[in-house]
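What follows is each chain in one-letter form.
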Amino acid sequence: MRDRKQRSVIDAVLNLVHDAQMTKSRENTLICLLLDVKEVFDHVALKQLVKILIKLKILINLINWVKCFLQNRVIDLAFDDERQKSKKISTEISQDSFISLILFLIYIRYLFSKIRAKFENLQSFSYIDDVMLYIKGRNIDKNVKMLENVAKVAFTWAENNAVQFNDSKSELIHFESHKTTLNQMIILLNNTIIKSKTCVR
């Protein structure tokens, strides 16, 4: 989010550009995997979120408020001066509140700590539903294999926490000092193949 110090999308891009330039000057390689969380507001399990809040030692009054915020919501529809009766809605998180963004960031925070605990050389950044993971090193094949293992950890975590990544928006980009044929690829847990590109969206 923009309000988090050194955690905005601009900071993430600047870090990547800086590391990519340093990689080229030192004749190393950098490979970056971009992931997109699918339907971010529809994939937050209340029970799991409450467990996380308890683990973070959030006050019980705030936890109860979050439960109320996610459960006790209604929608009113009005058209041509005619108003329908209020109806309950079951969407996990409202898209109309900044609180929803904060709750989602809390919900996925342990994904990154889990990844960093297993892969010390990994750099990770997120901007709401966009996740960027990259690794630097001299050995291209080793970097690709490590990033593939990182993706497995991320997708396993997502499956266990009712989160989904959008495979069609997953992208792989590779930086190095020498011009070579870009044939690197990563195979996800569902056998989706992400091929390296020279340009990403």
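In the block above lies the structure referred to throughout.
Residues numbered from 1 in each chain as written. Predicted model: local features only at pLDDT ≥ 70, side-chain atom pairs only at ≥ 80, totals over all residues. Heavy atoms only, no water.

Engineer: When you look at helix α2 (residues 46-55) in this model, what are you seeing that I'm missing?
Structural biologist: Given 3.6 residues per helical turn, the α-helix brings residues three or four places apart onto the same face. What α2 keeps buried is the set Leu-46, Leu-49, Val-50, Ile-52 and Leu-53. Taken around the axis of α2, the buried residues stretch over an arc of 160 degrees, which confines them to a single face. Exposed residues lying more than 90 degrees from the buried face of α2 are Lys-47, Lys-51, Ile-54 and Lys-55. Contacts from the buried residues of α2 go to α3 (60-71) and α4 (98-118). Following α2 by one or two positions, Lys-57 has its phi on the positive side, about 60 degrees. (Buried < 20%, exposed > 50% of the residue type's maximum accessible area, 1.4 Å probe, protein only. Helix = DSSP H or I, 4+ residues; strand = E, 2+ residues; numbered from the N terminus. Arc of directions from axis to C-beta. Contact = heavy atoms within 4.5 Å.)

Engineer: What am I meant to see in a nonpolar patch on the surface here?
Structural biologist: Together, Ile-58, Leu-59 and Leu-62 make up an exposed nonpolar region whose accessible area comes to about 280 Å². Using a relative accessible area of 31% as the deciding quantity, one classes Ile-58 as partly exposed. (Patch = residues over 30% accessible without salt bridge, like charges linked within 9 Å, V, L, I, M, F, W, Y side chains within 5 Å. Areas by Shrake-Rupley, 256 points an atom, 1.4 Å probe, with all protein chains shown as cover. Salt bridge = Lys/Arg side-chain N within 4 Å of Asp/Glu carboxyl O.)

Engineer: I keep staring at the packing of α4 against helix α5 (residues 140-160) and nothing clicks. Help me out?
Structural biologist: Two measures define how a pair of helices packs: the angle their axes make with one another and the distance between the axes. Closest axis-to-axis distance for the α4/α5 pair is 10 Å, and the angle between their directions is 150 degrees. Considering their axes alone, α4 and α5 lie roughly antiparallel with respect to each other. In this structure, α4 crosses over α5, and the sense of that crossing is right-handed. Residue-level inspection shows Tyr-107, Ile-108, Tyr-110, Leu-111, Lys-114, Ile-115 and Lys-118 of α4 in contact with α5, the latter providing Val-150, Val-153, Ala-154 and Trp-157. Looking at the contact of α4 with α5, its residues break down into nine nonpolar, no polar and two charged. (Axes fitted to C-alpha atoms, helices over the stretch in contact; angles between N-to-C directions. Parallel < 35°, antiparallel > 145°, perpendicular 65-115°, else oblique. Left-handed = near helix turned anticlockwise from the far one by under 90°. Nonpolar A, V, L, I, M, F, W, Y, C, P; charged D, E, K, R; others polar.)

Engineer: Is there a simple way to think about the pattern of salt bridges in this case?
Structural biologist: Close approach of charged atoms lets side chains of opposite charge pair. In the structure shown here, the tally under the stated rule is one salt bridge. Glu-148 serves as the salt-bridge partner of Lys-145, at 3.6 Å between the closest nitrogen and oxygen. Here Glu-148 and Lys-145 lie together in helix α5, a separation of three residues that amounts to about one turn.

Engineer: Looking at this structure, how should I read the packing of aromatic side chains?
Structural biologist: To describe a pair of aromatic rings, one takes the distance between the centres and the angle between the planes. Evaluation of the coordinates by the stated rule reveals two aromatic pairs. Between Trp-65 and Phe-69, the ring centres sit 5.3 Å apart and the planes meet at 10 degrees, which makes this aromatic pair stacked. Taken as a pair, Trp-65 and Phe-69 lie in helix α3 at a separation of four residues, close to a single helical turn. Geometrically, the ring pair formed by Phe-155 and Phe-165 is tilted, given 4.9 Å between the ring centres and 45 degrees between the ring planes. Separated by ten residues along the polypeptide, Phe-155 in helix α5 and Phe-165 in the loop between α5 and β8 (171-176) bring together distant segments of the chain. Note on Phe-165: relative accessible area 8%, which makes it buried. Stacked on the ring of Tyr-110, the Lys or Arg Lys-55 has its end atom at 4.4 Å from the ring centre. Across the ring face of Tyr-110, the terminal group of Arg-109 is positioned such that the distance to the ring centre comes to 5.2 Å. (Phe/Tyr/Trp six-rings, centres within 6.5 Å; stacked < 30°, edge-to-face > 60°. Lys NZ or Arg CZ within 6 Å of the ring centre and 35° of its normal.)

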